[in-house]
Amino acid sequence: MKLHEYQAKEVFARYGLPVQQGVVVDRPEQVARLDLRYPVVVKAQVLVGGRGKAGGVKLAQTPAEAETHARAILGMEIKGERVGRVLVVPAAEIGAEYYLAFVTDRAARCAVAVASAAGGVEIEAVARTTPEKIATVAIDPFLGCPPFLARALGRRLGIAGPMLEQFAGIGANLYRLYWTEDAELAEINPLAVVGSSFLCIDAKLVLDDNASYRHPHHLPSEELTALEREARASGLAYVELDGDIAVIGNGAGLVMSTLDLLAHFGGRAANFLDIGGGATAEGMRKALDIVQRKPGVRSIFINIFGGITRCDDVARGIVQDPPRVPASIRLTGTNEEEGQRILRAAGIAAGLDAEEAARAAVSLARSA
Amino acid sequence: MAVLVGRDTRLLVQGITGYQGMFHTDLMLQAGTRVVAGVTPGRGGSHVHGVPVFEAVDEAVRETGANASVIFVPARFARDAALEAVASRLDPVVIITEGMPVRDAIEVVTYAARQGVRVLGPNGPGVTTPGQCRVGIMPTHLFAPGRVGVVSRSGSLTYEIVAGLTRAGLGQSTAVGLGGDPVVGMSFVDALKLFNADPETHAIVLIGEIGGRAEEDAAEYIAAHVRKPVAAYIAGRTAPEGKRMGHAGAVISGTEGTAAHKIQALEAAGAPVATLVSGVPALLQERLRASRAPRAMPG
């Protein structure tokens, strides 16, 4: 789960990281009334990247100018995401800009500290063009990131003197945050020198959804749609996509390959929905209900390969509340005969071959 | 011979008294697996399907000679269960549990590496050597003993592709499920090393998906070390950037982790990638024929 900058900065402050929290507003007229030291920066709060380039970050010298910028930015769409809030913070006189992050490295199977003296730009771009400007160090989970490790990292960036001690403290605290809050990414970019201190100008935090039970104080994710949230609460993995063919399958890999199969035959999936291994009739019924509530669905493709999941359970879920839009069903594997019989008895056709069923789903969507 | 598990496996089931643990213990026993012990703290002294249940892993190992473990405990207890199995040096430790925090997985795989223990999962279907041993939840009836090693990040796709291989007369030596989480124990490369060294494995099927770069690492290893025929399948060709497709690890971040990149890497390494799931057996047969064909005589 991604957090907004202002939310991340609240967490950063709790870990003793130097941030200006600023004020968050959702209406432009609120801005002029704020008691702020000018100039200020008005920053769009969105979860997508690239807001600066999209015009979502503006400097303002006066309250009137700040309100004008806020009005322009609020309601703006950045990469398809509507801006609902802006963060207003005092502008800082920035010297050098660094990059510092802790990120879960899948290949290294641990956290990695990533630091660079080329902060303020996308780290991916630095990695592509000047990889030598990036210093990384793998973190032993049983050791963590004591100040000496952070200091070594800082020295590799050419930081020295009293600034090095500050940097080491920030490194140790940022790691403590990453680990304690179950983050996948805790990033400061830029970590700027302002006068004789470091300041986190931006803050990015991505949290591990699997660990949310350990953090009841974390806010619910804003990344999910209402249907996605409802599906998740029912134990279904549901992701909305752009097409018009609803997809239901069992197992994440199988559903991903089902989306690919539809595309292969010229169709476009409206969603990803995995009912999971060992799904029950009730799970299947709920899945059908969810996918049909997304507007614009013209056909449904149910692709079940029964392993742990039993075809008869799936069939019982389908006949409880039969599809309201044309459906193409592939039902094979464990207890296939019984599943097929249950569907036939309810007047619902189902095949055994995934490719035939995918082609049928595509033509149903076209003729609907 | 097979890899990871076989006739010598003496299996411990952690979480054996839970719904999933009980259900799959029965199926593992039916598949011929020697399930010698179970562990559920607080339930020691009872039996599940005739298997004795112990309070702790070290006690179960002492009493029964268990040498491998499969974990069915809920996500919030999986870290402790896995660390306990690793402390007793059970090998492999197979974590079926879905929804384990990544931080916990990092601790488990780090400790396991120090103890010299191999971990499969979390969030995987386990490992099956057809006709000998099933550790985990793979539906045994789809398998047939044979010479194809299968390694996969996806349970459901493994079943579908294994069923296709079996229909085509291509039995399997061992099927290894790596797990769908971002941080898992064994990687494709680890499994490829085992299959490459196993004289009973003559060909390999690799089933990958979007996210991370494990398939790219596998491609590098194949190009450098594997002379056995390899065929692959990659799920998620049409997945959008930034969305987690069911598996916590199946997510494209920026340009990293795309199916196109993985497919390109594997094909360049001499491991063709089937466009459709149904195409895998034929692709592997083609590779097997090519590798058996006598080389053209010079002159």
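Residues numbered from 1 in each chain as written. Chains lettered and ligands numbered in written order. Predicted model: local features only at pLDDT ≥ 70, side-chain atom pairs only at ≥ 80, totals over all residues.

(A) Seen up close, the environment of L205 of chain A. Residue and element names in this part refer to chain A. In this fold, L205 is placed in strand β12 (residues 204-207). In this structure L205 comes out as buried when scored by C-beta crowding, with 23 C-beta atoms within 10 Å. Put simply, L205 and L177 are 28 residues apart on the chain and 9.8 Å apart in space, counted from C-alpha to C-alpha. Excluding its chain neighbours within four sequence positions, the residues that come into contact with L205 are L3, A8, V11, A183, L185 and A186. (Helix = DSSP H or I, 4+ residues; strand = E, 2+ residues; numbered from the N terminus. Buried ≥ 20, exposed ≤ 12 C-beta atoms within 10 Å, placed from the backbone. Contact = placed C-beta atoms within 7 Å.)

(B) Broad picture of unusual backbone geometry. Between N189 of chain A and the following residue, P190 of chain A, the backbone shows a cis peptide bond with an omega angle of 5 degrees. Of note, P190 of chain A is situated in strand β10 (residues 183-194). The residue after G121 of chain B, namely P122 of chain B, is reached through a cis peptide bond having omega 10 degrees. Assignment of secondary structure puts P122 of chain B in the loop between β7 (119-120) and β8 (126-129). A positive phi is found at H49 of chain B, a non-glycine position, where the angle reads about 50 degrees. Note on placement: H49 of chain B falls in the loop between β3 (47-48) and β4 (51-54). Using a count of 16 C-beta atoms within 10 Å as the deciding quantity, one classes H49 of chain B as partly exposed.

(C) Quick look at the nonpolar core. Core analysis: the largest hydrophobic core is formed by 158 residues, its most contacted members being V247 and L273 of chain A together with L12, I71, V93 and V205 of chain B. The residues touching V205 of chain B, leaving out its near neighbours within four places in the chain, are V148, V150, I161, L165, A231, V280 and L284 of chain B. Core analysis: the second largest hydrophobic core is formed by 41 residues, A111, A115, L153 and L205 of chain A among them. (Core = buried A, V, L, I, M, F, W, Y, C linked by C-beta atoms within 7 Å.)

(D) Fine view of the packing of helix α7 (residues 214-225) of chain B against helix α8 (residues 259-268) of chain B. All names here are of chain B. Running from N to C, α7 and α8 point in directions that differ by 10 degrees, and their axes come no closer than 8 Å. The orientation of α7 with respect to α8, classified from their angle, is roughly parallel. Of the residues in α8, those touching α7 at E215, E216 and A219 are H261, K262, A265, L266 and A268. Broken down by class, the residue content of the contact of α7 with α8 amounts to four nonpolar, one polar and three charged. (Axes fitted to C-alpha atoms, helices over the stretch in contact; angles between N-to-C directions. Parallel < 35°, antiparallel > 145°, perpendicular 65-115°, else oblique. Nonpolar A, V, L, I, M, F, W, Y, C, P; charged D, E, K, R; others polar.)

(E) The arrangement of helix α9 (residues 311-320) of chain A in detail. Residues and elements named next belong to chain A. α9 sits mainly inside the fold: eight of its ten residues count as buried. Among the residues making up α9, those that are buried are C311, D312, D313, V314, A315, R316, G317 and I318. Those residues of α9 hidden inside the fold are in contact with α8 (281-293), β16 (299-306), β17 (327-333) and α10 (336-345).

(F) Focus on the sheet that holds strand β6 (residues 93-95) of chain B. Residues and elements named next belong to chain B. Spatial strand order, β3-β4-β2-β1-β5-β6-β7: seven strands in an open sheet with mixed pairing. With partners counted over all chains shown, the strands left at the sheet margins are β3 and β7, one partner each. The sheet strands contacting helix α1 (residues 19-30) are β1 (11-14), β2 (35-39), β3 and β4, and the helix crosses β2 at an angle near 170 degrees. (Pairing = 2+ DSSP bridges.)

(G) Local environment of the confidence of the model for chain B. Confidence in the prediction for chain B averages 94 pLDDT; 97% of positions are at 70 or higher. Across the whole predicted complex the pTM is 0.93, and at the interface the ipTM reaches 0.91. (pLDDT = per-residue confidence, 0-100.)

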